Amino acid sequence: MQNHTSELIRTLARGTALAALAALVLGVVGCATQSASPPAPTTAASAAYEYKVGPGDTLNINVWRNPELSSTVPVRPDGKVSTPLVDELVAQGKTPTEIARDVEKALGKFVRDPVVTVIVTNFVGPYSEQIRVVGEAAKPQFLPYKQKMTVMDVMIAVGGLTEFADGNKATIIRASESNKRYSVRLQDLVKRGDISANVEMLPGDILIIPQGWF
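Here we summarise the structure given alongside this text. (Residues numbered from 1 in each chain as written. Predicted model: local features only at pLDDT ≥ 70, side-chain atom pairs only at ≥ 80, totals over all residues. Heavy atoms only, no water.)

### Topic: the sheet that holds strand E7 (residues 141–143)
Here's step 1: In space, the five strands of this open sheet follow the order E7-E6-E10-E8-E9, with mixed pairing throughout. Lying at the two open borders of the sheet, with one neighbouring strand each, are E7 and strand E9 (180–184). Sheet twist, expressed as the mean angle between neighbouring strand axes with direction ignored, is 20°.
Here's step 2: As paired strands, strand E6 (residues 131–135) and strand E10 (residues 206–209) are joined by four bridges and run parallel to one another. Its bridge partner lying in E10, Arg132 is registered against Ile206. (Pairing = 2+ DSSP bridges. Helix = DSSP H or I, 4+ residues; strand = E, 2+ residues; numbered from the N terminus. Axes fitted to C-alpha atoms, helices over the stretch in contact; angles between N-to-C directions.)

As structure tokens, this is what we get:
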């Protein structure tokens, strides 16, 4: 009789524990459903995009009719460049045209009416505009933003999803909209070829790919 009673108590305890676990899971799912992020807009509304130079970029600075003053220089980690007759010039966060005007102003002390053009030959861009991919991507990394870049372009660059990824629960955090969160269906896009799941990216977006529960 005592053994039968003990077994009954253990059965009830297991049932209570399972019920509590089920309630916890349902509660988490309910909270997740309530706080689910809206789908990312297919077309991201943004002003006309102008490329901004960042550390790691390479600049081809050409001074017309002055080849000795022309040079190809890297943008240093501090965001500055050095060219002939110009020791320190801030390049980070500026467009190539703005940099050209700055070089002209600096060279104007030594050369009469200098005409300068600046071409970016290696693109990295400022950190604030890079696309960052974290989580269950084959190759998590940062990418330089390009105009009209889509999440499909991003997934090609990072080598797709890992086998553990829960792609349809991926999230885009949009810095340009005060870190607003959007959901994106990477599994449907990458694995099923559903082009309707493709969305445009914006400078500074962070793509987070969670691990699935198995």
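### Details of helix H2 (residues 96–107)
Here's step 1: Its 12 residues give H2 an end-to-end C-alpha distance of 16 Å, which sits within 8% of 16 Å, the value for a rise of 1.5 Å per residue.
Here's step 2: Among the residues making up H2, those that are buried are Pro96, Ile99, Ala100, Val103, Glu104, Ala106 and Leu107. Seen along its axis, H2 keeps its buried residues to an arc of 165°; they face one direction.
Here's step 3: Where H2 is buried, its residues meet strand E1 (58–63), strand E4 (86–90) and strand E5 (116–122). (Expected span 1.5 Å × (residues − 1). Buried < 20%, exposed > 50% of the residue type's maximum accessible area, 1.4 Å probe, protein only. Arc of directions from axis to C-beta. Contact = heavy atoms within 4.5 Å.)

### Some thoughts on the nonpolar core
Where a protein is soluble and globular, its nonpolar side chains tend to be buried together.
Here's step 1: Core analysis: the largest hydrophobic core is formed by 24 residues, its most contacted members being Val151, Val154, Ile172, Val184, Leu186, Leu207 and Ile209.
Here's step 2: With residues up to four places along the chain from it excluded, the contact list for Leu207 reads Arg132, Val133, Val134, Val151, Val154, Met155, Ala170, Thr171, Ile172, Val184 and Leu186.
Here's step 3: Core analysis: the second largest hydrophobic core is formed by 21 residues, Val73, Val75, Ala91 and Ala106 among them. (Core = buried A, V, L, I, M, F, W, Y, C linked by side-chain atoms within 4.5 Å.)

### Quick word on unusual backbone geometry
Here's step 1: Backbone geometry at Ser178 places phi at a positive 55°, although glycine is not the residue there.
Here's step 2: Here Ser178 is to be found in the loop between strand E8 (170–174) and E9.

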